[in-house]
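Coordinate inspection notes
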Amino acid sequence: MPGRPIPRKEPRVSLPDFDMVLFGGTGDLARRKLLPALFDAHRTGCLHPSSRILATGSHPHTTEQYKAMLEESVRPGLEHAPPEAWTSFMDRIGYVQADARQPAHFDALAEQVLARKPEVVVCYLATAPHIFVPICEQLGRTGLNAPNVRVVLEKPLGHDLDSSEAINNAVSRYFGEEQIYRIDHYLGKESVQNLMAIRFANALFEPLWRREWVQDVQITIAEELGVETRGDFYDRTGALRDMVQNHLVQLLCMVAMEPPASLSEDAIRDEKIKILKALKPILPQDVAEKTVRGQYRAGAVGGKPVVSYVDEQGIAADSTTETFVAIKAEIANWRWEGVPFYLRTGKRMQSRVAEIVVHFRDVPHAIFPRPLTLSPQNRLVIRLQPEESIRLYFLVKQPGDTVELTPTSLDLDFANSFKMRRAGAYERLLLDVIRGKLGLFVRRDEQVQAWRWVEPILDTWDQSTVPPKPYTAGTWGPAASSALMSRDGALWHEEA
Ligand code: BG6
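As recorded in an unreviewed UniProt entry, the protein chain goes by Glucose-6-phosphate 1-dehydrogenase and comes from Cupriavidus metallidurans. Of the comments in the UniProt record for the protein chain, the one headed Catalytic activity (unreviewed entry) reads "D-glucose 6-phosphate + NADP(+) = 6-phospho-D-glucono-1,5-lactone + NADPH + H(+)". Turning to the protein chain, the UniProt record has this under Function (unreviewed entry): "Catalyzes the oxidation of glucose 6-phosphate to 6-phosphogluconolactone."

Following this line, the structure appears as structure tokens:
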């Protein structure tokens, strides 16, 4: 039942004049996500006319060479890229060589930025994390850390709590916490924002959003992709660090947090940190029961054959890195005591889907006859991708002279209901950095707490002689993932 389409004019946002210095300007993230996001913001008239994007890298390209590279690697992937928009976007772009070991490069960079005096300077560190600190040192030395400078740190920020804190300590020698934007692009997704609206702009759900009425919560981020060209990085990282420590834990906080007193950045982040602190530790002796780690074997995804994880480029033949994780998380507070939060993520799964499913409890006393096959619960399914939708499942009477129940759903499909363009996650977050809005970025204490929660799991897996459970590419993960649920009498949503 699609909602009534509500045509709206595209919003025009007036942003301050900025220079964005893109460290890692030739890298994968810049080409696949950041430059397309900035292009979209440019194309829709959101950017200040004088604002510039200064890409940097360790190679001595000229601006013209860099633009030629973008012409080949970025432009073909852009939707709606009229030639005049691309040409005017290119006018904003410059390339500056900036090798963190070469102070002279940073002197030249600072001179370029400081000479123009933009209102805001954004330094986006889309590089390997081991050069975050040398870059920040150079930024501090050259005065590119004044109060109007904001630094964006891409994940992964470190490999564990110690290394992440070492980076945070070093960065905080040059930048105040209010200048540091730790990005988790899942927080920029439209449906995550909508989750807040559903919960806190409507009176309907909040009274039910608690242990008395919620049986369990499931959060899934499944990908069809494998490790692509990032084998070397991924094999040192694994799904727990790549997806759970950040994206899944952040989604869990958004579902579970108490209503914040306002939309101010610290009001929201103060509520998220309470959830992170209330997450029950998963002790080494509980890891086998409460977690599943898996690794894909050869199979087929979307009808195409794909190789095993260990046969991907850059992966050791005896690798025990996990490409799938399922966890039963629990929150020790009044609202959620006893309600399991099942989290799962994996590469090379059956389909690309990210969703949050809130399962409500059954009615206390059943007066209707009900076939056993009928899923008893009301479910709210908030889908983040591939399409954004919200679906509320409930039971109704099937038409006819007998009283028989049948499940149905109320569907809100955002693409049909709202015809306006929606900014992608990176675009929204980049614009927030330029506006100086920190609410959708991860505060240091949140990151510390998320590491504290995942570290015992990582350590236990590291010391274990039991390898990850194999699963065939193109499935929903190892059988143990279903077993984790069925021990509690639950089912993953797609299997229900
Ligand atoms: C990134 C991970 O943070 O998120 C990738 O490093 C993953 O491994 C990606 O593929 C998934 O993001 P999205 O938005 O495509 O679901």
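Let us look at the site of the ligand. Looking at the ligand, the residues that line it are Lys 155, His 185, Tyr 186, Lys 189, Glu 223, Arg 230, Asp 242, Met 243, His 247, Lys 347, Arg 352 and Gln 385. His 185 has a polar side-chain atom sitting 2.8 Å from an oxygen atom of the ligand. Within the contact set of the ligand, an oxygen atom lies 2.6 Å away from a side-chain nitrogen or oxygen of Asp 242. Taking 400 Å² as the accessible area of the ligand by itself, protein coverage stands at 84%. When residues of the shell around the ligand are assigned to their parent elements, the largest contribution, three residues, is made by helix H8 (residues 231-256). Each residue belonging to the shell around the ligand can be placed in one class, and the counts come to two nonpolar, three polar and seven charged.

This part is about the UniProt feature "binding site: NADP(+)" (unreviewed entry) in the protein chain. Residues annotated by UniProt as "binding site: NADP(+)" (unreviewed entry) correspond here to Gly 24, Gly 25, Thr 26, Gly 27, Asp 28, Leu 29, Ala 30, Arg 31, Ser 58 and Lys 155. Note on placement: Gly 24 falls in the loop between strand S1 (18-23) and helix H1 (28-43). What Gly 24 contacts, discounting residues up to four positions off in sequence, is Ala 30, Thr 56, Ala 126 and Thr 127. Note on placement: Arg 31 falls in helix H1. Residue Arg 31 is classed as partly exposed on the basis of its relative accessible area of 28%. Apart from the residues lying within four places of it in its own chain, the contact partners of Arg 31 are Thr 26, Pro 36, Ser 73 and Val 74. Among the polar contacts listed, one links the side chain of Arg 31 to the backbone oxygen of Thr 26, at a separation of 2.9 Å.

Examined at the domain level, the protein chain breaks down into domain 1 (18-154) and domain 2 (187-487). Opposite the 19 residues of domain 1 that make contact, domain 2 presents nine residues. Roughly 1,200 Å² is buried in total at the junction of domain 1 and domain 2, and carbon and sulfur atoms are behind 75% of that figure. In this assembly, domain 1 and domain 2 are joined by zero salt bridges. On the surface where domain 1 and domain 2 come into contact, there are four residue pairs in polar contact (both at pLDDT 80 or more). The set of elements that each furnish at least two residues to the side of domain 1 that touches domain 2 consists of S1, H1, strand S4 (120-125) and strand S5 (149-153). In terms of residue count, the dominant contributor to the side of domain 1 that touches domain 2 is H1 (eight residues).

Feature annotation in UniProt assigns "binding site: substrate" (unreviewed entry) to the following positions: His 185, Lys 189, Glu 223, Asp 242 and Lys 347. Relative to the helices and strands, His 185 is located in the loop between strand S6 (180-182) and helix H7 (190-201). Counting through the fold element by element, Lys 347 comes out in the loop between strand S12 (341-346) and strand S13 (353-360). For Lys 347, the residues in contact, after removing those within four places along its chain, are Glu 223, Leu 225, Gly 226, Val 227, Arg 230, Tyr 234, Asp 242, Tyr 296, Thr 323 and Tyr 471.

Leu 35, Tyr 124, Phe 341 and Trp 453 are the most contacted members of the largest nonpolar core, which totals 124 residues. With 13 residues, the top contributor of residues to this core is H8. A domain-level breakdown of this core finds at least three residues from each of domain 1 (18-154) and domain 2 (187-487). Residue contacts for Trp 453: discarding those within four places in its chain leaves Val 244, Val 249, Leu 279, Lys 280, Pro 281, Ile 282, Ile 327, Ala 329 and Leu 343. Among the nonpolar cores identified, the runner-up in size contains 26 residues, and Val 96, Ala 110, Val 113 and Val 149 belong to it.

Once that is clear, we can look at the packing of aromatic side chains. In this structure the tally under the stated criterion is 13 aromatic pairs. Taking the centre distance of 5.4 Å and the plane angle of 80° together, the rings of Phe 39 and Phe 89 count as edge-to-face. Of the two residues, Phe 39 sits in helix H1 while Phe 89 sits in helix H3 (residues 83-90), which places them 50 residues apart along the sequence. Exposure remark for Phe 89: the relative accessible area of 1% places this residue in the buried category. Members of the aromatic cluster, joined through ring pairs, are Tyr 234, Tyr 296, Tyr 309, Phe 324 and Tyr 471. Its guanidinium or amino end placed over the ring of Tyr 393, Arg 379 lies 4.2 Å from that ring's centre, counting from NZ or CZ.

Where H1 meets helix H12 (residues 425-435), the closest approach of the two axes is 8 Å, and the angle between their N-to-C directions is 70°. Regarding the angle of H1 to H12, the classification is roughly perpendicular. Seen from above, H1 lies across H12 with right-handed handedness. Side by side, H1 and H12 meet where Leu 29, Lys 33, Leu 34, Ala 37, Leu 38, Asp 40 and Ala 41 of the first sit next to Tyr 426, Glu 427, Leu 430 and Leu 431 of the second. In the contact of H1 with H12, the residues fall into eight nonpolar, no polar and three charged.

So, on to the environment of Pro 369. Position of Pro 369 among the secondary structure elements: in the loop between S13 and strand S14 (379-385). Along the backbone, Pro 369 and Glu 404 are 35 residues apart, and their C-alpha atoms lie at a distance of 7.0 Å. Every residue in contact with Pro 369, bar those within four places of it in the chain, is listed here: Val 403 and Leu 405.

A word on the sheet that holds S6. Taken together, six strands build an open sheet; the order of strands is S3-S2-S1-S4-S5-S6 and the sheet is parallel. Looking at the sheet topology across the chains shown, the edges are occupied by strand S3 (93-97) and S6. The mean angle between the axes of side-by-side strands here comes to 20°, regardless of whether they run parallel or antiparallel. Here five bridges tie S4 to S5, and the two strands are oriented parallel to one another. Bridge pairing in S5 places Val 122 opposite Arg 150.

So, how was this worked out
Residues numbered from 1 in each chain as written. Predicted model: local features only at pLDDT ≥ 70, side-chain atom pairs only at ≥ 80, totals over all residues. Heavy atoms only, no water. UniProt positions renumbered as here; feature names shortened; annotations may be inferred. Near = heavy atom within 4 Å. Polar contact = N/O pair within 3.5 Å; in protein donor to acceptor, adjacent residues only side chain to side chain. Areas by Shrake-Rupley, 256 points an atom, 1.4 Å probe, with all protein chains shown as cover. Helix = DSSP H or I, 4+ residues; strand = E, 2+ residues; numbered from the N terminus. Nonpolar A, V, L, I, M, F, W, Y, C, P; charged D, E, K, R; others polar. Contact = heavy atoms within 4.5 Å. Buried < 20%, exposed > 50% of the residue type's maximum accessible area, 1.4 Å probe, protein only. Domains from an automatic or database assignment. Buried area = accessible area lost by both parts, 1.4 Å probe. Salt bridge = Lys/Arg side-chain N within 4 Å of Asp/Glu carboxyl O. Core = buried A, V, L, I, M, F, W, Y, C linked by side-chain atoms within 4.5 Å. Phe/Tyr/Trp six-rings, centres within 6.5 Å; stacked < 30°, edge-to-face > 60°. Lys NZ or Arg CZ within 6 Å of the ring centre and 35° of its normal. Axes fitted to C-alpha atoms, helices over the stretch in contact; angles between N-to-C directions. Parallel < 35°, antiparallel > 145°, perpendicular 65-115°, else oblique. Left-handed = near helix turned anticlockwise from the far one by under 90°. Pairing = 2+ DSSP bridges.

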